[in-house]
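# Geometric and topological summary
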Amino acid sequence: EQQTMLSKSTARANLSRSVVKDFETLTINIFNSVINTTEEKSGSLSLWINRLVLIFSFLVGISILITLILVSSFNRNITMRLVNLNKAVNKNDLDAAKSISLKRNDEISDLSESFLYFVEEVEKRETELKKLATTDSLTSIYNRRHFMELANKEMIRIKRSKEPMVILMLDLDNFKDINDSYGHSAGDIVLKEFSQLGLKCLRDEDIFGRIGGEEFAVFLPQTKIEAGLIVADRLRAGIEDYIFKYKNHKIRCTASIGISKSFGDQIALADLLQMADEALYK
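Residues numbered from 1 in each chain as written. Predicted model: local features only at pLDDT ≥ 70, side-chain atom pairs only at ≥ 80, totals over all residues. Heavy atoms only, no water.

Right, let's talk about the packing of aromatic side chains for a bit. Across all of its chains, the model carries four aromatic pairs by this definition. An aromatic cluster is present here, built from F194, F208 and F216 joined pairwise through their rings. (Phe/Tyr/Trp six-rings, centres within 6.5 Å; stacked < 30°, edge-to-face > 60°.)

With seven of seven residues buried, strand 3 (residues 215-221) is to be regarded as a mostly interior element. Neither face of strand 3 is open: one carries E215, A217, F219 and P221, the other F216, V218 and L220, and all of them are buried. Sheet topology places strand 1 (residues 164-172) next to strand 3; seven bridges connect them, and they run antiparallel. Looking at the pairing, D171 lines up with E215 of strand 3. The pairing of strand 2 (residues 207-212) with strand 3 spans five bridges and is antiparallel. Counted as the bridge partner of G212 is E215 from strand 3. (Buried < 20%, exposed > 50% of the residue type's maximum accessible area, 1.4 Å probe, protein only. Helix = DSSP H or I, 4+ residues; strand = E, 2+ residues; numbered from the N terminus. Pairing = 2+ DSSP bridges.)

What follows is about the pattern of salt bridges. Overall, the coordinates contain nine salt bridges when judged by the stated rule. The closest approach of N and O atoms between K176 and D180, which form a salt bridge, is 2.9 Å. Taken as a pair, K176 and D180 lie in helix 6 (residues 175-182) at a separation of four residues, close to a single helical turn. You can call K176 exposed: its relative accessible area is 59%. Overlapping salt bridges, with partners in common, bring together E154, R157 and E163 in one network. (Salt bridge = Lys/Arg side-chain N within 4 Å of Asp/Glu carboxyl O.)

What follows concerns helix 9 (residues 269-281). With 13 residues, helix 9 should cover 18 Å at 1.5 Å per step; its first-to-last C-alpha distance of 19 Å lies within 8% of that length. Listed in full, the buried residues belonging to helix 9 are L269, L272, L273, A276, D277 and L280. In a view along the axis of helix 9, the buried residues occupy a sector of 135°, so they form one face of it. Pointing more than 90 degrees away from the buried face of helix 9 are the exposed residues A270 and Y281. On the buried face of helix 9, the contacting elements are helix 5 (144-161), strand 1, strand 3 and strand 6 (255-263). (Expected span 1.5 Å × (residues − 1). Arc of directions from axis to C-beta. Contact = heavy atoms within 4.5 Å.)

Any functional reading would require information that these geometric values do not contain.
Structural data, given as C-alpha cells:
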C-alpha cells in the first residue's frame, strides 16, 4: 500500500514537470510570435505603439519566467521529498520519515505519517506475538518451551564458566482437591497468584516457568546448593502462609519442592530436571 501511494505521488510529480515544460515551450512560442508580428507590422505602426508592444511582451515574458522558476522549484521540492521518503521506507529509517512528516501539512506528510503508523503497528504486533510464544497464557510466566530454551542457553554458558547452578521443581500439593471443591476458576486464581509469589522470591536472572498443570520449574544460575535450599524454603513458606481468596472462600495451599545441582559438570538439563522431579516426589 505504501509503495502504491508513493508511485501515485511520483507519477503526479512527473506529470507536473511535463506540464511545466509544455507551458514553457508554449510561452516561448507566443513570445516569439509577438516579436515577429511586431517586426512585420513595424512599418505600418507608429514607433510608440511598437515600443509599447515590445515592453508589454517583455513584461509578460518576465512574469512567465518567474512563474516557471517558482513552479519548477516547488516541483523539485516535492520530488526530493518523495525521493527522501522512498529512501526512508527502504531503510526503515523512522527518524528520516518523522522529519519529512513534520515539514508541512500535505499529502507527502500524510504518506510519511502512514508509514510511521504502519511500522508502529508491526512492532506492536511482533511484541504481542513474542509474548504469546514465550509466556504461559494463564500465569504470565515463561511457558515450558521457552523455559527449556533459556535454561539450555544457560547450561551452555555454565559448562564453559564452571559456575554452580541449581534447579527447583515445584508442585502444588493436592491441587485437584481445590478444583473439585471450589471449581477450576478458583484453581486458576491459585496458579496466577502463586506465580506472582514466586516472582517476588526470585532474582531477575532466575528463570521461572510453568512446566505443566500445577508443576513449575526454577533455574537458578550462579547458585550453590546451600543458597538454592534457602530459596526453596522461602518459596515453600511464602505459599504456606499465603491466603488465596476466591469469592467468599479463603483457600490455603502448600507446595512440595525438589532440588538438583550442577557444578560445571556435563550433566544434561533433562537429567537435572529428572533428578529434581524425583526429589520432589520424595
